[in-house]
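# Descriptive structure summary
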Amino acid sequence: MALSKHLNPDKLVQDALDNKGPGIHIHSSTNHHAVHAYGARYGTQPIPKYRLPSKGVGAETAYQLIHDELSLDGTPALNLASFVHTWMPKEANQLMMENISKNLIDQDEYPMTQVLHTRCISILADLWHAPSTHQAIGTATTGSSEAVQLGGLAMKRIWQEKRKAAGKSIHEPGPNIVMGANAQVALEKFARYFDVEARLVPISEESHYRLDPTRAMEYIDENTIGVYVILGSTYTGHYEPVKEMAALLDDYEKRTGHSVPIHVDAASGGFIAPFATPTLEWDFRIPRVVSINSSGHKFGLAYAGVGWAVWRAQEFLPKDLIFELHYLGSVEYSFSLNFSRPAHPIIAQYFNFVHLGREGYRSVALQDLKNARLLSRALEKSGFFTVLSDIHRPAGKLATAFKSSVGFDEENVDNYVPGLPVVSFRFSDDFRKKYPDVQQKWVQMLLRAKGWIVPNYELAHNLQNVEILRVVVRENMSAVMVDRLVADILEVVDGLAKEDTPMRALAVLHGRKTVENHHGRLEEGSGSIPSGTYSRQC
């Protein structure tokens, strides 16, 4: 067991406090107090951490104390583990602050806010090619996790209605839903929370670490309420083949008479694919797709707290999931899991739609993908890593042949395998063979020492023995940052190869070795030999 597990830091600090007099040891009723450096300035007493203080402090004091504690958080721009967007223009911040007190559910009090909400649904329905933007129905959510639950609930209820109409049981053997083993936890939450059997289809290297439609058909029967197909796996960024899955389900319905719908979890891809690869068919252009969710706070470029669920038509959202409300001053309708929710994230999303338009969203998506390709190529060329994501690889054999014969347009996104701007990579086989004692998880730890958050974790079931590192390239990830990240990764791995342990590698880490470091700097030995004058005692 680690030594630190035997030590209680709160008790150590409590025991180390100054005593009021010789031999007097004060034991508080609670050891959990926060003693702040500003206590003397603001005249505050130690504040309990885990219970409400008997007396509060001034707003300025409270702000300063909490502000300083939060400075211990990581830097959002260097958090390459998260898909969540972390920057918006100051005008968006101002708009959000002006509306931060509004409750979206109160449609009678805030009718214009509800109008903006409706506009967002129509914009997304049009973006995702709903048959009619007037017939499509949807709602804002707190994120894709809630939206996925709603999509699953609608499919479950429709399945139940069909079973009852046919005089069949809805309990024996009960409903199931099919998804790849690489599914994000929110999809499995739906199955567990709402009593649906989750049938996880194992992934493989041949299936590109995502759902294999052919293998998925082995898990489908008359009790399958639907298939979750993911447009952008959180593991590797691969798009799952929605069109191929739909074609197999079309054939299945012809043979059996059982109609199995598709819900597309486009948490990230819903705001990348329509702009970067608009000809890719994954959305409501495919009749079997009945609902789509996406996260506005990911590549929708809004702050955390907004997601979207959209159905292709009202018939796919059962009426008994829609609640009619009469007590807020008017007749209102609700079909989300949450009731009260802040309005400002929806306003922020609408701001982006107006501010960026299609052209702006496309520019951001293409730049993200370009930087992700840059990172992918640099890592592979180092020889240290194998990249599992495919967005930097030419799409199909024709593109490969085109590249070798008449040249290849590396700026054209259509020449590459579609996917999210995500780079998943692992130690190459040659590196692991040469340095078998070097653990990949040490790279995560040493990069954290330089400020970067790059997660190292196992792939999904069936490939859980494979560990990967993953970088999500968001809007703030510029080519300059890619340069610095690559330099830090190479320095860390080189140090591990030489020192064998993370602690010894940490001891020899130097400044970032980037191209910029050579500009305007003197070479080693350019200065005179120190005389020791400045190290002597006065």
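Coordinates for the structure precede this section.
Residues numbered from 1 in each chain as written. Predicted model: local features only at pLDDT ≥ 70, side-chain atom pairs only at ≥ 80, totals over all residues. Heavy atoms only, no water.

### Here's the deal with the overall build of the protein chain
- Secondary structure assignment for the protein chain yields 16 helices and 15 strands.
- Relative to its full complement of 538 residues, the protein chain shows a buried share of 46%.
- Across the protein chain, every contact between residues at least 6 apart in sequence was considered, and the portion connecting residues at least 24 apart equals 71%.
- On the protein chain, roughly 28700 Å² of surface is accessible, and the fraction owed to carbon and sulfur atoms is 54%. (Helix = DSSP H or I, 4+ residues; strand = E, 2+ residues; numbered from the N terminus. Buried < 20%, exposed > 50% of the residue type's maximum accessible area, 1.4 Å probe, protein only. Contact = heavy atoms within 4.5 Å. Areas by Shrake-Rupley, 256 points an atom, 1.4 Å probe, with all protein chains shown as cover.)

### Some details on the pairing of strand β3 (residues 137-141)
- Summarising burial for β3: five of the five residues are buried, a large majority.
- Of the two faces of β3, the one holding Ile-137, Thr-139 and Thr-141 and the one holding Gly-138 and Ala-140 are both buried throughout.
- Taken together, the five bridges between β3 and strand β9 (residues 307-311) define a ladder with antiparallel strand orientation. Bridge pairing in β9 links Thr-139 to Ala-309. (Pairing = 2+ DSSP bridges.)

### Points about the environment of Asn-456
- With respect to the helices, strands and loops of the structure, Asn-456 is situated in strand β14 (residues 456-458).
- If we ignore the near neighbours within four places in the chain, the residues touching Asn-456 are Gln-440, Lys-441, Gln-444, Glu-467, Ile-468 and Leu-469.
- There is a polar contact of 2.8 Å between the side chain of Asn-456 and the side chain of Gln-440.
- A distance of 3.1 Å separates a polar atom in the side chain of Asn-456 from a polar atom in the side chain of Glu-467. (Polar contact = N/O pair within 3.5 Å; in protein donor to acceptor, adjacent residues only side chain to side chain.)

### Some remarks on helix α9 (residues 242-256)
- In a regular helix each residue adds 1.5 Å, so 15 residues correspond to 21 Å; α9 covers 21 Å between its end C-alpha atoms and thus fits that length.
- Taken together, the buried positions of α9 are Val-242, Met-245, Ala-246, Leu-249 and Tyr-252. Buried residues in α9, looked at end-on, bunch into an arc of 120°, giving them a common side. Exposed side chains of α9 directed beyond 90 degrees from the buried face belong to Lys-254 and Arg-255.
- Where α9 is buried, its residues meet α8 (213-216), β6 (224-230), β7 (262-265) and β8 (289-295).
- One or two steps after α9, the chain reaches Gly-257, where phi turns positive at roughly 85°. (Expected span 1.5 Å × (residues − 1). Arc of directions from axis to C-beta.)

### What about the packing of aromatic side chains?
- Here the structure, examined in full by the defined rule, presents 16 aromatic pairs.
- Judged by centre distance (6.3 Å) and plane angle (70°), the ring pair of Trp-128 and Trp-282 falls under edge-to-face. Residue Trp-128 is found in the loop between α5 (111-127) and β3, and its partner Trp-282 is found in the loop between α10 (273-276) and β8; the two are separated by 154 residues along the sequence.
- For Trp-282, a relative accessible area of 2% translates into the label buried.
- Residues Phe-275 and Tyr-361 carry aromatic rings whose centres are separated by 5.0 Å and whose planes lie at 10° to one another, so their mutual orientation is stacked. Taken together, the residues Phe-275 in helix α10 and Tyr-361 in helix α11 (residues 344-382) connect sequence positions 86 residues apart. Of the two residues, Phe-275 and Tyr-361, neither departs from the other in class, the shared state being buried. (Phe/Tyr/Trp six-rings, centres within 6.5 Å; stacked < 30°, edge-to-face > 60°.)

### With respect to the sheet that holds β8
- As summarised here, the arrangement of the seven strands in space is β3-β9-β8-β7-β6-β4-β5, forming an open sheet in which the pairing is mixed. The outermost strands of the open sheet, each flanked by one partner alone, are β3 and β5 (197-201). Strand-to-strand twist in this sheet, taken as the mean axis angle between neighbours without regard to direction, amounts to 20°.
- Taken strand by strand, α5 contacts β3 and β9, and its axis lies near 65° from that of β9.
- Contacting β6, β7 and β8, α9 crosses the sheet at an angle of about 170° to β7. (Axes fitted to C-alpha atoms, helices over the stretch in contact; angles between N-to-C directions.)

### Some words on the packing of helix α4 (residues 90-98) against α11
- Their axes nearest at 9 Å, the elements α4 and α11 cross at an angle of 150°. By the angle class used here, α4 and α11 are roughly antiparallel. Crossing geometry of α4 relative to α11 is assigned as right-handed. Here α4 contributes Glu-91, Ala-92, Leu-95 and Met-96 to the contact with α11, which in turn contributes His-344, Ile-347, Ala-348 and Phe-351.
- Per-class residue counts for the contact of α4 with α11 are six nonpolar, one polar and one charged. (Parallel < 35°, antiparallel > 145°, perpendicular 65-115°, else oblique. Left-handed = near helix turned anticlockwise from the far one by under 90°. Nonpolar A, V, L, I, M, F, W, Y, C, P; charged D, E, K, R; others polar.)

### With respect to unusual backbone geometry
- Look at the link from Glu-172 to Pro-173: it is a cis peptide, with omega at 0°.
- You can see Pro-173 is positioned in the loop between α6 (144-165) and β4 (176-180).
- Phi at Asp-195 is positive, roughly 55°, even though this residue is not glycine.
- For Leu-301, which is not glycine, the phi dihedral falls at a positive 70°.
- By the secondary structure assignment, Leu-301 is in the loop between β8 and β9.

### A few points about the pairing of β6
- Of all seven residues in β6, seven are buried; the element is thus mostly enclosed.
- Both β4 and β6 contribute to a ladder of three bridges, which runs parallel. Each bridged residue has a counterpart across the sheet, and for Val-178 the counterpart in β6 is Val-227.
- Where β6 lies against β7, four bridges are found, and the strand directions are parallel. Residue Ile-230 lies in a different strand from β7, and its bridge partner there is Asp-265.
- Between the parallel pair β6 and β7, the chain is carried across by α9, and the sense of this crossover is right-handed. (Right-handed = clockwise from strand over helix to strand, strands pointing away.)

### Observations regarding the pattern of salt bridges
- Per the stated rule, a full pass over the model turns up 20 salt bridges.
- The residue Glu-146 makes a salt bridge to Arg-341 at a minimum N-O spacing of 3.0 Å. Linking Glu-146 in helix α6 with Arg-341 in the loop between β11 (332-334) and α11, this pair joins segments that are 195 residues apart in sequence.
- According to the relative accessible area criterion, Glu-146 is buried, its value standing at 6%.
- A salt bridge links Lys-450 to Glu-491; its shortest N-O distance comes to 3.3 Å. Separated by 41 residues along the polypeptide, Lys-450 in the loop between α14 (441-449) and β14 and Glu-491 in helix α15 (residues 479-499) bring together distant segments of the chain. Each member of the pair, Lys-450 as well as Glu-491, is classed as buried.
- Among the ionic contacts, a cluster of salt bridges with common partners joins Arg-163, Lys-168 and Glu-222. (Salt bridge = Lys/Arg side-chain N within 4 Å of Asp/Glu carboxyl O.)

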